[in-house]
Amino acid sequence: MSFNGPVADLHQYLQEAREAVLWKAEGLTEYDARRPLTPTGTNLLGLVKHLAAVELGYFGDTFGRPYFAKGEEPDFHWTREPEGDLWARPEESREALTGLYRAAWAHTDAILAELPLDTEGRVPWWPEHRAVTTLHHVLVRVLAETQRHAGHADITRELLDGRAGQRPQDANLSTGDGGTWSAYREKVERAARAADPEGAARAAEGERTAGTGA
């Protein structure tokens, strides 16, 4: 589907972020795709699920084109369990969640093709005094959120197996092997220690304490 004018620019960056999030979840075991990598539970398949819910809610529900029939919304829908869209249950397959995300793209894109940017909608979960907004505002908001979570996916995947880069065809990183990046990381570490020796010592002591379980 092609777009013109400002929608084309906004949609291009949205689509790039969408594809990046899915790419980061590829080629992993089921465990690695689902396991939390931060204290707040950030996980790759959860990001996919969350972004599917974001698009279906902000575009479908807001502009009177719900993807799910009333009363048939899944548990991770905005009307149901808090945080339920941020992790994958064992019975939720990776194929089902990535497929739902792609279906959300198509649902969103059909709305963008049909409605002008100044179309007003009502976000059901926003406070009443600001619930009415425009398609332009929602598109910018979802673009920003998707790009933000694409960054989360970048870091999460790198923590898992070292895969880094913007997308398969364009890593947007300096070329180099593992040794090059290790040397670069050590250079950054030396600069940080030189800037704050006391802070470096405290951090090292904290790591030692955590390692011993003391």
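Numbering of residues begins from 1 in every chain and follows the order in which that chain's sequence is written. Confidence filtering applies because this is a predicted model: local features only for residues at pLDDT of at least 70, side-chain atom pairs given and counted only at 80 or more, and all residues used for totals across whole chains, interfaces and linings. In computing side-chain properties, one takes all heavy atoms of the structure into account and sets aside hydrogens as well as water.

**Q** I would appreciate a short explanation of the environment of T134 in the present structure.
**A** With respect to the element layout, T134 can be found in strand β2 (residues 132-134). Any residue under 20% of the maximum accessible area for its type is buried, any over 50% is exposed, and the rest in between are partly exposed; the area is computed with a 1.4 Å probe on protein chains only. For T134, a relative accessible area of 26% corresponds to the partly exposed category. As a C-alpha pair, T134 and L117 span 17 residues in sequence and 6.8 Å in three-dimensional space. Apart from residues no more than four positions distant in its own chain, T134 is found in contact with F63, L117, D118, T119 and E120. Secondary structure elements follow DSSP: runs of H or I of four or more residues count as helices, runs of E of two or more count as strands, with numbering from the N terminus. Here a residue-residue contact requires only that any non-hydrogen atoms of the pair lie within 4.5 Å.

**Q** What am I meant to see in the pattern of salt bridges here?
**A** Two side chains bearing opposite charge may form a pair once their charged atoms approach each other closely. Here, a salt bridge means any Lys or Arg side-chain nitrogen found within 4 Å of an Asp or Glu carboxyl oxygen. Throughout the structure, instances matching the rule amount to 14 salt bridges. With a closest N to O distance of 2.9 Å, E30 and R34 form a salt bridge. With a gap of four residues between them, E30 and R34 both fall in helix α2 (residues 30-34), about one helical turn apart. With a closest N to O distance of 2.8 Å, R65 and E114 form a salt bridge. Remark: E114 occurs in helix α4 (residues 94-114) and R65 occurs in the loop between α3 (44-61) and α4; sequence separation between them is 49 residues. Overall, the relative accessible area of 27% leaves R65 in the partly exposed class. Each of R18, E55 and D109 takes part in a single network of salt bridges with overlapping partners.

**Q** I would appreciate a short explanation of the nonpolar core in the present structure.
**A** Across soluble globular proteins, nonpolar side chains show a tendency to be buried alongside one another. In terms of nonpolar packing, the biggest core is built from 24 residues, with L44, V48 and Y101 touching the most fellow members. Broken down by secondary-structure element, the contributors of at least two residues to this core are α1 (5-24), α3, α4 and α5 (135-161). No other element matches α3, which puts eight residues into this core. Throughout, nonpolar core names a set of buried Ala, Val, Leu, Ile, Met, Phe, Trp, Tyr and Cys residues whose side chains join them through atoms within 4.5 Å. The next biggest cluster of nonpolar side chains, apart from the first, holds 20 residues, and it includes F59, L117, V123 and A131.

**Q** Sorry, what's going on with the packing of aromatic side chains here?
**A** To describe a pair of aromatic rings, you give the distance between the ring centres and the angle between the ring planes. Pairing of aromatic side chains here covers Phe, Tyr and the six-membered ring of Trp, requires ring centres within 6.5 Å, and sorts the geometry by plane angle: under 30 degrees stacked, over 60 edge-to-face, intermediate tilted. A full pass over the atoms with the stated rule returns five aromatic pairs. Look at Y101 and W105: their rings are 5.2 Å apart centre to centre, the planes differ by 75°, and that puts the pair in the edge-to-face class. Separated by four residues within a single helix, Y101 and W105 lie in helix α4, roughly one turn from each other. The pair Y101 / W105 is uniform in exposure class, with both members buried. Every member of this aromatic cluster is reached through a ring pair, and the members are Y58, W125 and W126.

**Q** Would you explain a nonpolar patch on the surface in this entry?
**A** On the surface, W181, Y184 and V188 cluster together to form a nonpolar patch covering roughly 290 Å² of accessible area. Relative to the elements of secondary structure, Y184 occurs in helix α6 (residues 178-195). Like-charged residues within 9 Å of one another, or nonpolar side chains (Val, Leu, Ile, Met, Phe, Trp, Tyr) within 5 Å, are grouped into patches, provided each residue has over 30% relative accessible area and no salt bridge. We get accessible surface area from the Shrake-Rupley algorithm with a probe of 1.4 Å; when it comes to residues, only the shown protein chains can shield them.

**Q** Please clarify how α1 should be interpreted in this entry.
**A** Along an α-helix, residues three or four apart share an orientation, since each turn contains 3.6 residues. With 20 residues, α1 ought to run about 28 Å at 1.5 Å a step, and its terminal C-alpha atoms sit 30 Å apart, in line with that. What α1 keeps buried is the set V7, L10, H11, L14, Q15, A17, R18, A20, V21, L22, W23 and K24. As for α1, its buried residues are in contact with α3, α4 and α5. Expected span, for any helix, means 1.5 Å times one less than how many residues it has.

**Q** Quick question: what am I supposed to make of the side chain of T156 here?
**A** Structurally, T156 is set in helix α5. Excluding anything up to four places from it in sequence, T156 contacts L37, T42 and L44.

**Q** Explain the packing of α3 against α4 to me, please; I cannot follow it from the model alone.
**A** Packed helices, taken two at a time, are described by the angle their axes make and the gap between the axes. Only C-alpha atoms enter the line fits that serve as axes; for helices the fit covers just the stretch in contact. Angles between N-to-C directions range over 0 to 180 degrees. Following both chains from N to C, one finds α3 and α4 inclined at 25°, their axes separated by 9 Å at the closest point. Here α3 is positioned roughly parallel relative to α4, judged by the angle of their axes. In the crossing of α3 with α4, the sense of the turn from one axis to the other is left-handed. Seen from α3, the contacting residues are L45, V48, K49, L51, A52, E55, L56, F59 and G60; seen from α4, they are R94, L97, T98, L100, Y101, A104, W105, H107, T108, I111 and L112. Charged residues are taken to be Asp, Glu, Lys and Arg, nonpolar residues to be Ala, Val, Leu, Ile, Met, Phe, Trp, Tyr, Cys and Pro, and polar residues to be all remaining types, Gly included. By residue class, the composition of the contact of α3 with α4 is 13 nonpolar, four polar and three charged. Angle categories are assigned with fixed cut-offs, so that under 35 degrees is roughly parallel, over 145 is roughly antiparallel, 65 to 115 is roughly perpendicular, and the rest are oblique. If you view the pair so one helix is near and one far, a crossing is left-handed when the near helix is turned anticlockwise from the far one by less than a right angle, and right-handed when it is turned clockwise.

**Q** Can you help me understand α4 in this one?
**A** In this model α4 runs 31 Å from its N-terminal to its C-terminal C-alpha over 21 residues, within 8% of the 30 Å that 1.5 Å per residue would give. The complete set of buried residues in α4 reads R94, L97, T98, L100, Y101, A104, W105, H107, T108, D109, I111 and L112. Buried residues in α4 make contact with α1, α2, α3 and α5.

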